[in-house]
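Structural overview
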Amino acid sequence: SESASVSDRLAIEFGAGRGTLIALIRSDASTDATSPEFQAAIASGITHEVTHARWHSLSVVDRARILRHVESLQIMEMQLGTVLQAIGDPTWNGVNAADTLAERYADIYASYPNKQDLLQQESVAHFHELVEVGFFSEAEIAPVADILARLKGDAVVADLLAARMESAANAGAPRDID
C-alpha cells in the first residue's frame, strides 16, 4: 500500500524502528491553522517531540557534547513564559513569569527514577525547538549543528540553516528574536 511504502521510506531516512508520534498543538478557536505562525508552532512542537524520540539514538559522546552546549546557553534557566512566547504557544501569558524551565520540569519529573535523563532531554528538546523558530543565531547553533541534524534528519536541518543564512545575508545581519 502507499502508506506502507511511505512508512518504509521514513524508517530508512529517519532510523530503524517504527512508532507513532501524535502532536497536539494548542491554540484558541480563532486561530487559522493555515497561517505561517500556526505552521511554525506545529513545526517547533514536532521538533521538540522528535528530539525526545531520537535522544537515545545519539552516541554518549554526542549527548554529552550537546548537553554541555545547552548548559552554556542556560536553556533550563530560561523563563517558561519567554520560551512559550518564542515558540508561539498561546498559553505563554498564563504562566508564572518567575518560573524557569528547570523549576517546572523538576516538579513534573520529581518522582521519576530517570529524572536526570528526562531533564537532560527537555533541555535539548527546548533548545532544538527554539532553534526551529529562529531564536538562536547561526553562531549559537554551529557548535552542535551536526548533532541537531542527526536528531531531526540531515536534510531538514541543512535546509533550515541554509535558509536562515540566506535570509541573514539578504538582511545584512543574523535574524534573532529579541
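To be clear, the structure that these remarks concern was listed above.
Presented here is an overview of the structure given in this document. (Residues numbered from 1 in each chain as written. Predicted model: local features only at pLDDT ≥ 70, side-chain atom pairs only at ≥ 80, totals over all residues. Heavy atoms only, no water.)

1. A few points about the overall build of the protein
Going by this rule: Only runs of H or I of at least four residues qualify as helices and only runs of E of at least two qualify as strands under DSSP, and these elements are numbered from the N terminus. Contacts between residues were defined by any pair of non-hydrogen atoms, one from each residue, lying within 4.5 Å. For accessible areas, the Shrake-Rupley method is used with a probe of radius 1.4 Å. Any residue's cover is judged against the shown protein chains and nothing else.
Each helix and strand counted, the protein has nine helices and zero strands in total. In the protein, the order of α-helices and β-strands from amino to carboxyl end is α-α-α-α-α-α-α-α-α. Relative to all contacts within the protein whose residues are 6 or more apart in sequence, the contacts with residues 24 or more apart total 64%. Entry remark: accessible area of the protein is about 10300 Å², with carbon and sulfur atoms responsible for 56%.

2. With respect to the packing of helix α5 (residues 101-108) against helix α6 (residues 115-132)
Keep this limit in mind: Axes here mean lines fitted to C-alpha atoms, for a helix over just the part in contact, with angles spanning 0 to 180 degrees between N-to-C directions. Left-handed describes a crossing whose near helix is turned anticlockwise from the far helix through less than a right angle; right-handed describes the clockwise counterpart. Three classes are used, and their members are as follows: Ala, Val, Leu, Ile, Met, Phe, Trp, Tyr, Cys and Pro are nonpolar, Asp, Glu, Lys and Arg are charged, and the others, Gly among them, are polar.
Put simply, α5 and α6 touch, their axes get as near as 10 Å, and they point 140° apart. Where α5 crosses over α6, the two elements pack in a sense that is right-handed. Taking contact as the criterion, the partners of L101, Y105 and A106 in α5 are, on α6, K115, L119, E122 and H126. For the contact of α5 with α6, the residue count by class is four nonpolar, one polar and two charged.

3. As for the packing of aromatic side chains
Which entries qualify depends on this criterion: Here is the rule: rings of Phe, Tyr and Trp (six-membered ring for Trp) pair when centre to centre is within 6.5 Å. Planes less than 30 degrees apart are stacked, more than 60 are edge-to-face, and the remainder are tilted. Buried, partly exposed and exposed residues are distinguished by accessible area as a fraction of the type maximum, computed with a 1.4 Å probe on protein chains only: under 20%, between the cut-offs, and over 50%, respectively.
Summed over the entire model, instances satisfying the criterion amount to four aromatic pairs. Ring centres of Y109 and Y112 lie 5.3 Å apart, and the angle between their planes is 90°; on these two criteria the pair is classed as edge-to-face. The exposure class of Y112 is partly exposed, given its relative accessible area of 41%. Between the aromatic rings of F127 and F136, the centroid separation amounts to 5.3 Å while the plane-to-plane angle is 55°, which identifies the pairing as tilted. Relative accessible area serves as the criterion here: at 5%, F136 is assigned to the buried category. Following the ring pairs from residue to residue traces out a cluster consisting of Y105, Y109 and Y112.

4. A short note on helix α8 (residues 145-152)
The α-helix advances 3.6 residues per turn, and as a result positions three or four apart in sequence lie on the same side. Across the eight residues that make up α8, a large majority, six, are buried. Of the residues making up α8, those classed as buried are A145, I147, L148, A149, L151 and K152. Looking one or two residues past α8, G153 carries a phi angle of roughly 120°, positive in sign.

5. A few points about the nonpolar core
Formally: Residues belong to a common nonpolar core when they are buried Ala, Val, Leu, Ile, Met, Phe, Trp, Tyr or Cys residues joined through side-chain atoms within 4.5 Å.
I66, F127, L130, F136 and L148 are the most contacted members of the largest nonpolar core, which has 31 residues in total. Counting residues per element, the ones that place at least two in this core are α3 (60-72), α4 (80-86), α5, α6 and α8. Ignoring sequence-local partners within four residues, the contact set of I66 consists of W55, V124, V144, I147, L148 and L151.

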